[in-house]
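Analysis of the macromolecular model
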Amino acid sequence: MFETVLVANRGEIAVRVIRTLRALGIRSVAVFSDADAEARHVREADTAVRIGPAAAAESYLSIPRLLEAAARTGAQAVHPGYGFLAENAAFARACTDAGLAFIGPPAGAIELMGDKIRAKETVQAAGVPVVPGSSGSGLTDAELAAAALGIGMPVLLKPSAGGGGKGMRLVRDASLLGEEIAAARREARGSFGDDTLLVERWVDRPRHIEIQVLADGHGHVIHLGERECSLQRRHQKIIEEAPSPFLDEATRAAMGEAAVQAARSCGYAGAGTVEFIVPGDDPSSYYFMEMNTRLQVEHPVTELITGLDLVEWQLRVAAGEELTVRQEDVTLTGHAVEARICAETARVSGDGARVDFLPSTGTVRLLREPAGEGVRVDSGLSEGTDVGTSYDPMLAKVIAHGPDRATALRRLRAALADTVVLGVDTNAGFLRRLLAHPDVVAGRLDTGLVDRDAASLVRPSVPDEVYAAGALLSQAALEPPRDGWVDPFSVPHGWRLGGQPAWTAHHFRAPGEDPVTVRVRGAVSGAQVLLPSPPADAAAPAGGSGGPGGAAGVSDPASSDGAPAAVSPGEPRSARLLTVPPGRAAAGGTVTLELHGVTHAFTAAPGPEGVWLGRDGDAWHLRGHDPVEGAAGGAGAAGADTLTAPMPGTVTVVKAGVGDFVSAGQSLLVVEAMKMEHVISAPHDGTVAELDVTPGATVAMDQVLAVVTPAATGPAEES
């Protein structure tokens, strides 16, 4: 066995591999870019080596720098994790040439299975059924389009290199083939450095089921059962489980044998996964999709139902050991389900027909990871972690195991409710609601379920109790310390001579929401709050001194009856903070609010620019809002004519210019973040009045990209 192993990765998978290395008494070496200097995997390793700047091409994807780090630390082997260079044959070969053991399959197997076209031909020759599709590599755009038309719509465009759903495009309309092929090539080139595509028949309502295989260098190959990976968004898995609720024992055995034959066909060694597409109405009709020549993100569910440590077996096989587990020794016990926690924001499109899952960024201000019976967390997070757009948005995985599927689902939902990540938007709340979806509970899964029903799973607008808690925390922050004499005029209770106390206005704006003014009267231990609906024109100050035009934290003058001069419909409600974090709003902790006789518990963390509140996996960032500044922002500051960046990222394509007439829905720009593209389209027919970005420009979230002035009739005809 090895004495020292270098982990050529970052985040949760690096932490996961280091855990097994420590259990086996093997010295671990982490590598890190400048962006990860304080990362959790760096702290948990026995030693760590800086390998370059934040850009992956100059750090985690730099083969020379990784080999140099191995040489400097005396590593005997390299574990690639997944992503980055895990399925890079040149890296595997370079490790071998440098005298290092590559903890993965031979370079030849990676090369063969990494080429989706050759892989299909190879496994088909071994008797494994494959999806009907194009043949040959290096097809031009015209050849791809012709092949797609020959197969018949709908079709799926896939990169020949790589995986993880990146670059995959489902095309149902033949007229969009050209545009979708171009977009798929851009994503494939950006993700894998290779824009070769293939096209396959799309199976409607398919299930994505994969088989875990394990092989040694002595001719032994076994399978460890299947994983159901049908719950996906943008062709990327977000929930996985084992075993599948869809397969019977006969189908499981047949698919397992097909996976074993696929592994044998390429001379595989180590842990790998053979992925199949399965028609939702016929589990016996399964088709090979691809083989992932690495450890999978979802490997924990297999570990929990088999009792095997797959990383340990990767190490043992790479060290030349023989598999001591035979097929007849493999037993599946209980059920396990995994949820991928990603840094992303789910936003419903204006027409409600689509949900965009947009990468999010920020600093983790407060972190609480779940624990309990049957719960496992694989995480690369710690408080203070900066989440940017340089790397994949997956932050952690929460996994639950139970004696049956129903128990595992319940445990996972409870664990997600206990997951608190404040400072960065995550999908934990969305996943919790997805797990309660009737079709998910019943096991009626397919790869389109999430996209079809995503809008119903996105949380509605910010709940009243969140705004109330934010306002009372802001009110508490205005109160003077109670450690001595208190000037009564410094207490923000709105006292007025001969009249009712005035209201104190607190102005908030949550990302993606209109500004809101919440008014508080009295001490936070027993106050009244007014929770108006967002005004029709949030940027315009309301008339009268009692409107939301005042600065945050300034008491509104009272009218003759003591009420605010202008309020939204609704009556004042009683509210009080039962528990306040130490230091009031300046520190994180548990906040319990009683609003109109009902208590609500939150976890709170400060700023920046406001407060974060979390509950049941969801989180809200309430920023302070200056309505006067908002009103002075100009015509392009807000409104239906304005197109803003839905996420921080880079502009990769600009398809229009100032003065161009555009049609509703026409794509104008493409913004990329974390190797995912988001198309910015015209909101209506009109003329491009402003467009201040160019390809390569870096943009911030909510930055104005373009303004489209609506057309009264249509484009003027040329004379």
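Everything discussed here concerns the structure shown above.
Presented here is an overview of the structure given in this document.

Quick notes on the rules
- Residues numbered from 1 in each chain as written.
- Predicted model: local features only at pLDDT ≥ 70, side-chain atom pairs only at ≥ 80, totals over all residues.
- Heavy atoms only, no water.
- Axes fitted to C-alpha atoms, helices over the stretch in contact; angles between N-to-C directions.
- Helix = DSSP H or I, 4+ residues; strand = E, 2+ residues; numbered from the N terminus.
- Parallel < 35°, antiparallel > 145°, perpendicular 65-115°, else oblique.
- Left-handed = near helix turned anticlockwise from the far one by under 90°.
- Contact = heavy atoms within 4.5 Å.
- Nonpolar A, V, L, I, M, F, W, Y, C, P; charged D, E, K, R; others polar.
- Patch = residues over 30% accessible without salt bridge, like charges linked within 9 Å, V, L, I, M, F, W, Y side chains within 5 Å.
- Areas by Shrake-Rupley, 256 points an atom, 1.4 Å probe, with all protein chains shown as cover.
- Salt bridge = Lys/Arg side-chain N within 4 Å of Asp/Glu carboxyl O.
- Buried < 20%, exposed > 50% of the residue type's maximum accessible area, 1.4 Å probe, protein only.
- Phe/Tyr/Trp six-rings, centres within 6.5 Å; stacked < 30°, edge-to-face > 60°.
- Arc of directions from axis to C-beta.

Quick look at the packing of helix H12 (residues 405-417) against helix H13 (residues 428-435) now. Packing of H12 against H13 brings their axes to within 9 Å, and their N-to-C directions diverge by 155 degrees. Between H12 and H13, the angle falls in the class roughly antiparallel. Crossing of H12 against H13: the hand is left-handed. Residues Leu409, Leu412, Arg413, Leu416 and Ala417 of H12 form the contact with H13, whose participating residues are Ala428, Leu431, Arg432 and Leu435. Tallied by class, the residues present in the contact of H12 with H13 amount to seven nonpolar, no polar and two charged.

Together, Phe489, Trp495 and Leu497 line one region of the surface with nonpolar side chains, adding up to about 480 Å² of accessible area. Here Leu497 shows up in the loop between helix H16 (464-478) and strand S23 (504-509). According to the relative accessible area criterion, Leu497 is exposed, its value standing at 78%.

The next point concerns the packing of aromatic side chains. Applying the stated criterion to the full structure yields six aromatic pairs. An angle of 20 degrees between the planes, with centres 5.0 Å apart, marks the rings of Tyr60 and Phe84 as stacked. With Tyr60 in the loop between strand S3 (47-52) and helix H3 (63-73) and Phe84 in the loop between strand S4 (77-79) and helix H4 (89-97), this pair connects stretches of sequence that are 24 residues apart. Owing to a relative accessible area of 0%, Tyr60 belongs among the buried residues under this scheme. When its relative accessible area of 28% is taken as the criterion, Phe84 is described as partly exposed. Residues Phe84 and Tyr391 carry aromatic rings whose centres are separated by 6.2 Å and whose planes lie at 80 degrees to one another, so their mutual orientation is edge-to-face. Of this pair, Phe84 sits in the loop between S4 and H4 while Tyr391 is found in the loop between strand S20 (386-387) and strand S21 (394-402), placing the two residues 307 residues apart along the sequence. By the ring-pair criterion, three or more aromatic residues cluster together here, those being Tyr60, Phe84 and Tyr391.

All of the buried residues along helix H7 (residues 141-151) are Leu144, Ala145 and Ala148. Buried residues of H7, seen end-on, are gathered within an arc of 100 degrees and therefore sit on one face of the element. Among the exposed residues of H7, those oriented more than 90 degrees off its buried face are Ala142, Leu149 and Gly150. Looking at the packing, one finds that the buried side of H7 touches strand S6 (155-159), helix H8 (177-192) and strand S8 (197-201).

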